[in-house]
Structure formats: C-alpha cells, structure tokens
Amino acid sequence: MTGDREENRCHLLKSKMSLDEAIVRFANRSPRTVDVIWINFRGGRVTYANGLRPNQYYDVTSYDGHPWIFRDHTTQDKLYAGKKEVHFPIPWAGEVPVRRHVVFIHIPVYSLIERCVQVIRQLINDVDIDDLEIPKELKFRLRNKDDTPIWNAEEHPECILHPEQPNHDQQQQQ
C-alpha cells in the first residue's frame, strides 16, 4: 500500500471537462477550521470556502471529474473527505427532488512522522530547525513541506495533468 501511495504522489491532479453536474454539501465534522479547495483544469487551487468552521457546511454545484481537497485553514495540514484526501463528486442522477450528496470532512489518522512534524512546526521557528537534536528525516520534512495530494490515478486517469499537455485556456484559443 505504501508503494502505491508514493507512486500516485508523482501524478499532478487537474479537473476534466464535464457537463455532468454533481450537487454537493461539504460538511466540516472536524474540530478545525477548513479551506475547501477545487483543483482547476490547469492543476491550480481555487479556494471556495475559506475558513469553514466546525459543524458548518458549504453547498456547491460541481461536476464529474472535478477534484476537491481540504486543508486546515491555519496550518494547511491535509484533511480528508471520507477515507480519501481527494474527493471526486458523484454526478447527479437526475432524481427529483434534488438531493445533495453530503461529504464529511474530518481529520485523518496521521502517521507518527506526520504528527511529529505538525507539533514541531507549531513549537519552533524555521530558523531553529538546524539547532534541533532530531532525526534528519524530521528536519527534511520541516524544511520541505509536501502538500502534493495523494490520490488513486487509476480510478481517474483523465484527471492526470501531464506537463507537456496544453492547458484548457490554450486549447480554447487555438
């Protein structure tokens, strides 16, 4: 499993073109304030809900193949929807009355090293890192925060952003 997670880390994420609407409610079930972020067609991040407090929700009409990620508003720690870091909305099936698909945002079970980095980051300044008597791996992670979303590229191959791929704006201009 760890190998799969590391392998998927190298795939950049983007939205795919779609007209299939997804009616979503993002509900913050964590004790943290959350940023709800859509990944656009170029792989950029667009914050939709900036500072969603605990027990609040945010309603949005999204589309099939549009990935969403969630970050702690203060620390930018990764948060999850369900058991995944990246949420891909379920398209609306046309039922009437329209029902929103509720997505619960929560704190994942962090690895011991991730949690150590979070706590140390809160306690020190960046300039103090070299003076700490901690393992080199922790020092490296403190200096180089990896915020790349981990997701299953096999489930959504159309959402892989290839560096040589022209972006959506370039395709419309041609």
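Residues numbered from 1 in each chain as written. Predicted model: local features only at pLDDT ≥ 70, side-chain atom pairs only at ≥ 80, totals over all residues. Heavy atoms only, no water.

**Comments concerning the overall build of the protein**
When helices and strands are tallied, the protein shows four helices and nine strands. The order of α-helices and β-strands along the protein, N terminus first, is α-β-β-β-β-β-β-β-β-α-α-β-α. Counting the 174 residues in the protein, one finds 37% classified as buried. For the protein, contacts bridging at least 24 residues in sequence account for 69% of all contacts bridging at least 6. On the protein, roughly 10800 Å² of surface is accessible, and the fraction owed to carbon and sulfur atoms is 51%. (Helix = DSSP H or I, 4+ residues; strand = E, 2+ residues; numbered from the N terminus. Buried < 20%, exposed > 50% of the residue type's maximum accessible area, 1.4 Å probe, protein only. Contact = heavy atoms within 4.5 Å. Areas by Shrake-Rupley, 256 points an atom, 1.4 Å probe, with all protein chains shown as cover.)

**Digging into the packing of helix H2 (residues 112-123) against helix H3 (residues 136-143)**
Contact geometry for H2 and H3: axes closest at 10 Å, N-to-C directions at 60°. You can see that H2 and H3 cross each other, and the crossing is right-handed. On H3, the residues that touch Ile113, Glu114, Cys116, Val117, Ile120 and Arg121 of H2 are Glu137, Leu138, Arg141 and Leu142. Here the contact of H2 with H3 is built from residues that sort into six nonpolar, no polar and four charged. (Axes fitted to C-alpha atoms, helices over the stretch in contact; angles between N-to-C directions. Left-handed = near helix turned anticlockwise from the far one by under 90°. Nonpolar A, V, L, I, M, F, W, Y, C, P; charged D, E, K, R; others polar.)

**Brief notes about H3**
Taken as a whole, H3 has its buried residues at Leu138, Lys139 and Leu142. Looking down the long axis of H3, one finds its buried residues gathered within 100° of arc, a one-sided arrangement. If you follow the buried residues of H3, they end up packed against H2. (Arc of directions from axis to C-beta.)

**Concerning the pairing of strand S4 (residues 45-52)**
Sheet analysis places strand S3 (residues 34-39) next to S4, joined by six bridges and oriented antiparallel. Across the sheet, residue Val34 finds its bridge partner in S4, namely Leu52. In sequence, S3 turns back onto S4 through a hairpin of five residues, with Gly43 there showing a positive phi of about 90°. (Pairing = 2+ DSSP bridges.)

**Side note on the packing of aromatic side chains**
By the definition in use, this model includes five aromatic pairs. With a centroid separation of 6.3 Å and 85° between ring planes, the pair formed by Trp38 and Tyr48 is classed as edge-to-face. Taken together, the positions of Trp38 in strand S3 and Tyr48 in strand S4 put the pair ten residues apart, joining distant regions of the chain. Each ring, one from Tyr48 and one from Trp68, has its centre 5.1 Å from the other, and the planes form 70°; the classification is edge-to-face. Here the residue Tyr48 occupies a position in strand S4, and Trp68 occupies one in strand S6 (residues 68-72), the gap between them amounting to 20 residues. Connected via pairs of aromatic rings, a cluster forms that spans Phe26, Trp38, Phe41, Tyr48, Trp68 and Phe70. Seen from the ring of Tyr57, Arg25 lies directly overhead, with NZ or CZ sitting 3.7 Å from the centre. (Phe/Tyr/Trp six-rings, centres within 6.5 Å; stacked < 30°, edge-to-face > 60°. Lys NZ or Arg CZ within 6 Å of the ring centre and 35° of its normal.)

**Digging into the environment of Asp72**
Of note, Asp72 is situated in strand S6. The buried category is assigned to Asp72, whose relative accessible area is 5%. When the C-alpha atoms of Asp72 and Gly51 are compared, they prove to be 8.4 Å apart, with 21 residues separating the residues in sequence. Those residues in contact with Asp72 that sit more than four places away from it in its chain are Arg32, Thr33, Asp77 and Leu79.

**Overview of the nonpolar core**
In terms of nonpolar packing, the biggest core is built from 16 residues, with Phe26, Val34, Val36, Trp68, Phe70 and Ile105 touching the most fellow members. Elements with a contribution of two residues or more to this core: strand S2 (21-28), S3, S4, S6, strand S7 (78-81) and strand S8 (101-106). Apart from residues lying up to four places away in sequence, Phe26 is in contact with Val36, Leu52, Gln56, Tyr57, Tyr58, Val60, Trp68, Phe70, His87, Val103 and Ile105. (Core = buried A, V, L, I, M, F, W, Y, C linked by side-chain atoms within 4.5 Å.)

**Remarks on the sheet that holds S2**
Reading across the sheet, the seven strands line up as S4-S3-S6-S7-S8-S2-S5 and stay open at both edges, with mixed pairing between neighbours. Unpaired on one side and paired on the other, S4 and strand S5 (57-63) mark the two borders of the sheet. Taking the axes of each pair of neighbouring strands and ignoring which way they run, one obtains an average angle of 30° across the sheet. One ladder, built from two bridges, connects S7 with S8; its direction is antiparallel. Considered in S8, the bridge of Ala81 is made with Ile105.

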